[in-house]
Amino acid sequence: MNVFQRTLKMIALFGLFIGALLSTYIGITNVSLLQLKESVSDIAVMKDATQKEEVEELPSDTTKSDVNNNDMVTVMSEAGYPKKEVIATGYTADIESTGKSEEHPEYGITFSGVKVKRDLYSTVAADPEVFPIGTILFIPGYGYGVVADTGSAIQGNTLDLYYETVEDVYNLWGKKSVEVFVIEEGAGLLTDDTLEDLNEAEEVQGFRELYPGEKNS
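Below is a summary of the structure that appears in this document. (Residues numbered from 1 in each chain as written. Predicted model: local features only at pLDDT ≥ 70, side-chain atom pairs only at ≥ 80, totals over all residues. Heavy atoms only, no water.)

### Some thoughts on the overall build of the protein
Definition in use: We count a stretch as a helix when DSSP gives it H or I for four or more residues in a row; a strand needs E for two or more, and each element gets its number in order from the N terminus. Only protein chains enter the accessibility calculation, which uses a 1.4 Å probe; a residue is then buried when its area is under 20% of its type maximum, exposed when over 50%, and partly exposed in between. In this analysis, two residues are considered to be in contact whenever any of their non-hydrogen atoms come within 4.5 Å of each other. Accessible areas in this description were obtained via Shrake-Rupley with a 1.4 Å probe; residue shielding takes into account the shown protein chains only.
Helix and strand counts for the protein stand at eight helices and six strands. N-terminal to C-terminal, the α/β element order of the protein is α-α-α-α-α-β-α-β-β-β-β-α-β-α. The buried share of the protein, reckoned over its 217 residues, is 42%. Partitioning the contacts of the protein with sequence separation of at least 6, the portion at a separation of at least 24 is 75%. Element-wise, carbon and sulfur atoms account for 50% of the exposed surface of the protein, whose accessible area totals about 11,600 Å².

### Here's the deal with the side chain of threonine 158
Take threonine 158: it is sitting in strand E5 (residues 158–162). For threonine 158, a relative accessible area of 18% translates into the label buried. Each residue touching threonine 158, except ones within four places of it in the same chain, is listed here: Val86, Ile87, Ala125, Ala126, Asp127 and Ala153.

### Points about a negative patch on the surface
Note the cut-off: Two distance rules govern patches: like charges are joined within 9 Å, and nonpolar side chains (Val, Leu, Ile, Met, Phe, Trp, Tyr) within 5 Å, applied only to residues with over 30% relative accessible area and no salt bridge. Definition used for salt bridges: Asp or Glu carboxyl oxygen within 4 Å of a side-chain nitrogen of Lys or Arg. In this charge count, Lys and Arg are treated as positive and Asp and Glu as negative; neither His nor the chain ends contribute. Just so you know, the charge point we use is NZ for Lys, CZ for Arg, CG for Asp and CD for Glu.
A cluster of like negative charges, contributed by Asp192, Asp193, Glu196 and Asp197, occupies part of the molecular surface. Position of aspartate 192 relative to the elements: it lies in helix H8 (residues 192–200).

### Some words on the pattern of salt bridges
Across all of its chains, the model carries two salt bridges by this definition. A salt bridge links glutamate 106 to lysine 100; its shortest N-O distance comes to 3.6 Å. We classify lysine 100 as partly exposed; its relative accessible area is 22%.

### With respect to the nonpolar core
The test is simple: By convention a nonpolar core is built from buried Ala, Val, Leu, Ile, Met, Phe, Trp, Tyr and Cys residues, the set being connected through side-chain atoms within 4.5 Å.
In terms of nonpolar packing, the biggest core is built from 43 residues, with Tyr121, Phe131, Ile139, Tyr144, Leu159 and Leu161 touching the most fellow members. Of all the elements, strand E6 (residues 175–184) adds the most residues to this core, at five residues. In contact with phenylalanine 131, not counting residues within four places along its chain, are Lys84, Val86, Ala126, Leu137, Val147, Leu159, Val180 and Val182.

### Here we look at the environment of threonine 110
The criterion, for reference: N or O atoms closer than or at 3.5 Å make up a polar contact, with two conditions inside protein: a donor-capable atom paired with an acceptor-capable one, and, for residues adjacent in sequence, both atoms drawn from side chains.
Tracing the backbone through its elements, the reader meets threonine 110 in the loop between helix H6 (95–98) and strand E2 (121–126). Classification of threonine 110 by relative accessible area gives buried; the value is 5%. C-alpha separation for the pair threonine 110 and aspartate 149, spaced 39 residues apart in sequence, amounts to 5.0 Å. Once you skip the residues sitting within four places of it in the chain, threonine 110 turns out to touch Val116, Ala148 and Asp149. A polar contact of 2.9 Å, which involves the side chain of threonine 110, links it to the side chain of serine 112.

### Describing the packing of aromatic side chains
Condition: Ring pairs are drawn from Phe, Tyr and Trp, using the six-membered ring of Trp, whenever the two centres fall within 6.5 Å, and their geometry is named by plane angle: stacked under 30 degrees, edge-to-face over 60, tilted for the rest. We call a charge positioned above a ring when the Lys NZ or Arg CZ atom is no farther than 6 Å from the ring centre and deviates by at most 35 degrees from the ring normal.
A full pass over the atoms with the stated rule returns six aromatic pairs. Ring geometry for phenylalanine 138 and phenylalanine 181: centres 6.4 Å apart, planes at 45 degrees, overall tilted. Here phenylalanine 138, found in strand E3 (residues 136–139), pairs with phenylalanine 181, found in strand E6; they are 43 residues apart in sequence, far enough to count as distant. Judged on exposure class, the residue phenylalanine 138 and its partner phenylalanine 181 are both buried. Between the NZ or CZ atom of arginine 118 and the centre of the ring of tyrosine 142, over which it lies, the distance is 3.9 Å. The aromatic ring of tryptophan 173 is capped on one face by lysine 176, whose charged end is 4.2 Å from the ring centroid.

### Let's talk about the sheet that holds strand E1 (residues 83–91)
Definition in use: The rule for pairing is simple: two strands pair if DSSP sees at least two bridges between them. An axis is simply a line fitted to the C-alpha atoms; with a helix, the fit covers only the stretch in contact. Between two such axes, the angle follows the N-to-C directions and lies from 0 to 180 degrees.
Read once around its circumference, the closed barrel built from six strands follows the order E1-E5-E2-E4-E3-E6, with strand pairing classed as mixed. When the angles between neighbouring strand axes are averaged without regard to direction, this sheet yields 45 degrees. Pairing between E2 and E5: three bridges, direction antiparallel. When the sheet's bridge partners are listed, alanine 125 is paired in E5 with aspartate 160. Docked against the sheet, H8 engages E2, E3 and strand E4 (143–149), running at close to 135 degrees with respect to E2.

Now the structure itself:
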């Protein structure tokens, strides 16, 4: 890949990244979109006129799918988000992970009271002494995770990532040592409304193309 293509990829990724950043902070702090846009205005105007010309010259075989997980890691690193190495496993809402069947009144309900979700922002379990409830993480290979749950086996620098089926746990993740990025530290609370706002924000829908395993409807 030549310099032009790499530059164009980073511009496209930057736009998606800023959108996710805006959505995250709006959901957590209720800061207005206008205030947030003003705070990043000096960066957002980067290559304003040049960008249009470069898009017109985009090679026919270059698509947004070229902006992959490695690019996200690069952007997160350059943005200076704190990193922490963890051991991450996967879990489901079913009896093999939680001891609860679908008939149980608390089936699929996390410690925070939020229902488990695999989406652009998925629910994950963590030690609240390390990652408080509501903490937003970027987990390479998985996507964004919001700490909604805890567990007796989730102690220290460990995470449990929600998947809808046992097959997905084994086929898509298993058990990995991974360096995660802390996008926003939680305040110990999470609601269904906050999680829905994060997932439905228009600004971040482009990220779905980076993670085909997530909600695409």
